[in-house]
Amino acid sequence: MIVESQWRVNGIWVPSTDANVPAFADETGKPISSQGFDKGDVSLVCHKNTDNGGWTYGASFSNLEAGRSGGRRHARILDRVRQRSWVPKYETTDSSCSSATRSFELSGFE
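Just so it is clear, the model here is predicted, and its values are computed rather than measured.

A tally of regular secondary structure across the protein chain gives 1 helix and 8 strands. Walking the protein chain from its N terminus toward its C terminus, one meets helices and strands in the order β-β-β-β-β-β-β-β-α. Counting all 110 residues of the protein chain, 40% fall into the buried class. For the protein chain, restricting intrachain contacts to residue pairs at least 6 apart in sequence, the fraction spanning at least 24 positions comes to 54%. As presented, the protein chain carries roughly 6,600 Å² of accessible surface, and 51% of it is formed by carbon and sulfur atoms.

For the rest of this paragraph, the subject is the side chain of Q83. Positionally, Q83 belongs in strand 8 (residues 81-88). In contact with Q83, not counting residues within four places along its chain, are V3, E4, S5, V21, G54, W55, T56, F61 and L64.

As a further point, take the packing of aromatic side chains. For the structure on display, the rule yields 2 aromatic pairs. With centroids separated by 5.1 Å and ring planes inclined at 80 degrees, the aromatic side chains of W7 and F61 adopt a geometry described as edge-to-face. Within this pair, whereas W7 is found in strand 1 (residues 2-9), its partner F61 is found in the loop between strand 7 (56-58) and strand 8, the two being separated by 54 residues in sequence. Residue W7 is classed as partly exposed on the basis of its relative accessible area, which comes to 21%. Residue classification places F61 among the buried positions, given a relative accessible area of 12%. Above the plane of the ring of W55 lies R82, whose end atom (NZ or CZ) is 3.9 Å from the centre.

By the element assignment, D51 lies in the loop between strand 6 (42-44) and strand 7. At 5.4 Å, R82 is the nearest oppositely charged side chain to D51, a buried residue that forms no salt bridge. Within the structure, the side chain of D51 is placed 2.9 Å from the backbone nitrogen of W55, a separation counted as a polar contact. Within polar-contact distance, the side chain of D51 engages the side chain of Y57 at 2.6 Å. With residues near it in sequence (within four places) discarded, D51 still touches C46, Y57 and R73.

Below, the discussion takes up the pairing of strand 2 (residues 12-15). Alignment of strand 1 against strand 2, held across 4 bridges, turns out to be antiparallel. Opposite V9, over in strand 2, you have I12 as the bridge partner. Hairpin connection of strand 1 to strand 2: 2 residues between the antiparallel strands, including N10 at a positive phi of 50 degrees.

If you walk through the whole model with that rule in mind, you get 2 salt bridges. Its salt-bridge partner being E4, residue R84 comes within 2.7 Å of it at the nearest N-O pair. With R84 in strand 8 and E4 in strand 1, the pair connects residues that are 80 residues apart, well separated along the chain. Residue R84 shares its accessibility class with E4, and that shared class is buried.

Reading the values: rules and limits
Residues numbered from 1 in each chain as written. Predicted model: local features only at pLDDT ≥ 70, side-chain atom pairs only at ≥ 80, totals over all residues. Heavy atoms only, no water. Helix = DSSP H or I, 4+ residues; strand = E, 2+ residues; numbered from the N terminus. Buried < 20%, exposed > 50% of the residue type's maximum accessible area, 1.4 Å probe, protein only. Contact = heavy atoms within 4.5 Å. Areas by Shrake-Rupley, 256 points an atom, 1.4 Å probe, with all protein chains shown as cover. Phe/Tyr/Trp six-rings, centres within 6.5 Å; stacked < 30°, edge-to-face > 60°. Lys NZ or Arg CZ within 6 Å of the ring centre and 35° of its normal. Lys, Arg positive; Asp, Glu negative; His and termini not counted. Salt bridge = Lys/Arg side-chain N within 4 Å of Asp/Glu carboxyl O. Polar contact = N/O pair within 3.5 Å; in protein donor to acceptor, adjacent residues only side chain to side chain. Pairing = 2+ DSSP bridges.

The following block contains the structure:
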């Protein structure tokens, strides 16, 4: 699994620069390069707790797993971070993600 993390800076979502929460990491949190995997081999993870782009939102990375009234599938005014996961294509068949994000058009990917 690949975890993608972003910060909201002046209203714009940008890749995380936090040393403890890299922009791209494996499931253990170890930083990985976006060049270290084949874009065609992964799928976005979407479910009832994510938006159509697979994102969950929070005020900090440490609270993304905690529940909150109304859930974490929509960004709130005080939310400063968001995160989503990618898995090998064979691990998911969920089609609830928008087709635009499933095509893997991500900033930071060349």
